[in-house]
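# Geometric and topological summary
In case you want the letters, here they are:
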Amino acid sequence: MTVRALYDYQGEAKDTQDKFHGNQLVYIGWDKHLMFCAPHCLPLPPDMPFGALVKEVLPGVYDSHPDWAQINWDSVEWTVDQKPFTPDMEKGLAEQGIGHKSLIRFTTPGLNGIAGVAS
Amino acid sequence: MTANKMNMREKYQRMTRDLAWKPTYQKEDDVYPQAKYEGIIIHDWDKWEDPFRLTVDAYWKYQAEKERKLYAIIEAFAQNNAQLNVTDARYINALKLFLTGVTPLEYAAHRGFAMAGRNFPGAGAQVSSQFQSIDELRHAQTQIHTISHYNKYFNGFHDFNHMHQRVWYLSVPKSFFEDAMSAGPFEFVTAVSFSFEYVLTNLLFMPFMSGAAFNDDMATVTFGFSAQSDESRHMTLGLEIIKFMLEQDERNVPIVQKWIDKWFWRGYRLLALVSMMMDYMLPKRVMSWQEAWEMYFEQNGGALFDDLARYGIRMPKYWEVSVKEKSRLSHEVWSIFYNYGHAAAIHTWLPKASEMDWLSEKYPETFDKYYRPRFDHWAEHKEKNGRWYNNTLPMLCQCCQIPMGFTEPDDPTTICYRESEYNGVKYHFCSDGCKDIFDDEPEKYVQAWLPVHQIYQGNCGGASVPEVLEWYHLKHGQDNLDYDDSQDKANWNKWKGLTEEAAQVMKKAANE
Ligand SMILES: [Fe+2]
Ligand SMILES: [Fe+2]
Ligand SMILES: [Zn+2]
């Protein structure tokens, strides 16, 4: 039973992809940078190239952090839905398995937030 | 009339239990359609104990007396402009959060207990629920009177019911109560009367009421005590429903345990808002969240569950996680509100130097190590580039609806991510507690109205913060932003005869 109810109750999923006007939701978390109190949620076109996400979208989210300008992008480690991931900067998000409500996390080795204590 | 000669027990019997009857024209199951579907088995409703033995006439008399006293004091408070006596206008923000977050819940409780009173087949449980339903309506009313007084002088109170339906952080208490109200009567009363009012109430009431008293807010102290005088009855109902279910049939035990697990976790997550109120929002602190959790949950709660062990009930699942989180909870939550203070109906601020020292002392393991550097950085940013805000919307937990700001139980430097998939869609959670609740009834929680997703679906007035604020009925520059930039602060200084300059001098004098 997937809900305790008086009859065979079916709920309507509120956040299916069709409700986001052609976009999909993507969650992004920068590990050890908790000055941003929580990961972020972004509506993005499924065919947006990963490179565009990194170069055009993420700066607007994170560049107020002093570590942002120091990032060496070759050393960044990514996961998608908690599995190690090597992005193809040219390919679209959906094409490389980043689906609706997928979670992208990245770590920036050597950069661990304000005072190095994950802020 | 013979009624006067009856003792309390007889009178209770005559005026409550004896007024019930067994239906004969209709089947009992049709009259009480919600009585069985939750799986709770009741053999004998007459075994329901009500130590208060309250009857309607006595109830009416007591409550009328309370109301008379309460409104006399509220009236005097208004006449004397006693809102000017609070320690500092920052305090009012604790009140804003409480009154806009809790008042609609009092009203929801009124509805919920009316439904429970209708749906329990036993007269004892019906009567207790109906009294509580009226109590909760009274609580909602007295709090609205208090809102109405403070609304004349401070921002953020003006449209609390509209805000309750829409504002992102108010969806946290709202969804908590809607979850309970859309359950059956047994789960509802377990959720609200037992888990919330019995197990966790001291964590809500103690900091809020002592906080009000410490900060010279007599209006709040007054309605608080008036409401609290009903609470002993509510707590009794909470304990009675649990013991009654457990004693009626062994098969009820696992169901009750599951509800205790669920509603402990949901209640605890809701109290995260209280943790930041205690540690950050009261100009005069009462005790730290960690101290309160140790005293009221670990010690008192521990004793309660020792007592329930004879029924086969254990401590709520994940209580250990709440203990691991106690030294970080308030800091993580205040950080969330500081991040999104431009979208809230309360003001936020950086703790003063003396307040940071208090936090270091209360949280020797965590504050200086993890949180002070963050505040120092924000202070520097404020000095050089203005107040820092987070300009991208956060990821929310599907269950508690709080931004995913909680960290791994064993690692305060890493966000806790949990995930489930249901019917091909991914769902995300802040904790194992929230994930388990979803996994048990996914069909319920897939319907969650998550404020961030609603904004992106275009259902909240637009995509920009000003548009969404307008849809919330919040005025940018009045209700939101940093306390330092607020009308509340400017007015306060004016009323207290403090020009900005005088305030600066006083700050220096206080060495802050
Ligand atoms: Fe109440
Ligand atoms: Fe209550
Ligand atoms: Zn949660």
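Being a predicted model, the structure only gives us computed values, none of them experimental. (Residues numbered from 1 in each chain as written. Chains lettered and ligands numbered in written order. Predicted model: local features only at pLDDT ≥ 70, side-chain atom pairs only at ≥ 80, totals over all residues. Heavy atoms only, no water.)

Residue and element names in this part refer to chain B. Donor atoms from the polypeptide that coordinate the zinc ion (ligand 3) comprise Cys-397 (SG), Cys-400 (SG), Cys-430 (SG) and Cys-434 (SG), at 2.3 to 2.4 Å from the metal. Each of the four donor atoms around the zinc ion (ligand 3) contributes to a set of angles spanning 106 to 115°, which defines the coordination as tetrahedral. Sequence spacing among the residues donating to the zinc ion (ligand 3) works out to C-x2-C-x29-C-x3-C. You can see Cys-400 sitting in the loop between helix H15 (367-385) and strand E1 (407-408) and its partner Cys-430 sitting in the loop between strand E4 (425-429) and helix H16 (432-440), a full 30 residues away along the chain. Exposure class is identical for Cys-400 and Cys-430. Each is buried. (Donors = N, O, S within 2.8 Å, 3.2 Å for Na, K, Ca; no water. Tetrahedral: all angles 85-135°; square planar, octahedral: opposite > 155°, others 65-115°. Helix = DSSP H or I, 4+ residues; strand = E, 2+ residues; numbered from the N terminus. Buried < 20%, exposed > 50% of the residue type's maximum accessible area, 1.4 Å probe, protein only.)

A separate point is empty space enclosed by the protein. All names here are of chain B. Inspection of every chain in the model, using the stated rule, returns eight cavities of 30 Å³ or more. Its boundaries defined by the atoms lining it, the largest cavity holds a volume of some 530 Å³. For the lining of the largest cavity, the secondary structure elements donating two or more residues are helix H4 (91-119), helix H5 (123-151), helix H7 (171-181), helix H8 (185-214), helix H9 (218-248) and helix H10 (252-281). Split into classes, the residues belonging to the lining of the largest cavity amount to 22 nonpolar, six polar and four charged. Size it by volume and the second largest cavity reaches roughly 130 Å³. (1 Å grid on protein atoms, 1.4 Å probe; cavity = no way out; pocket = protein on both sides within 12 Å on 5 of 7 lines; lining within 4 Å. Points joined across faces, edges and corners; volume = space filled by probe spheres on them. Nonpolar A, V, L, I, M, F, W, Y, C, P; charged D, E, K, R; others polar.)

Residues and elements named next belong to chain B. On the protein side, the iron ion (ligand 2) has Glu-136 (OE), Glu-197 (OE), Glu-231 (OE), Glu-231 (OE) and His-234 (ND1) as donor atoms, found 1.9 to 2.7 Å from it. Between consecutive donors of the iron ion (ligand 2), the numbers of intervening residues give the motif E-x60-E-x33-E-x2-H. In this structure, the iron ion (ligand 2) lies 3.4 Å from the iron ion (ligand 1), and both are coordinated by Glu-136. Separated by 37 residues along the polypeptide, Glu-197 in helix H8 and His-234 in helix H9 bring together distant segments of the chain. Given the relative accessible area of 1%, His-234 is considered buried.

All names here are of chain B. Domain annotation of chain B identifies domain 1 (55-481) and domain 2 (484-512). Each of domain 1 and domain 2 has a C-alpha centre, and the two are 31 Å apart. With 15 residues of domain 1 at the interface, the matching set in domain 2 holds eight residues. When domain 1 packs against domain 2, the two sides together hide about 1,300 Å² of surface, and 54% of this comes from carbon and sulfur. (Domains from an automatic or database assignment. Contact = heavy atoms within 4.5 Å. Buried area = accessible area lost by both parts, 1.4 Å probe.)

At the junction of the two partners, chain A supplies 47 residues and chain B supplies 56 residues. Sorting the residues of chain A by area buried against chain B places Arg-4, Leu-34 and Cys-37 of chain A first, and these three jointly supply 18% of that buried surface. The interface formed by chain A and chain B includes five salt bridges. Linking Asp-440 of chain B and Arg-4 of chain A is a salt bridge whose minimum nitrogen-to-oxygen distance equals 3.1 Å. Those elements giving two or more residues to the side of chain A that touches chain B turn out to be strand E1 (24-30), strand E2 (40-44), helix H1 (50-62) and strand E5 (102-107) of chain A. Per element, the largest residue contribution to the side of chain A that touches chain B is four residues, and it comes from E2 of chain A. Each residue belonging to the side of chain A that touches chain B can be placed in one class, and the counts come to 25 nonpolar, 13 polar and nine charged. (Salt bridge = Lys/Arg side-chain N within 4 Å of Asp/Glu carboxyl O.)

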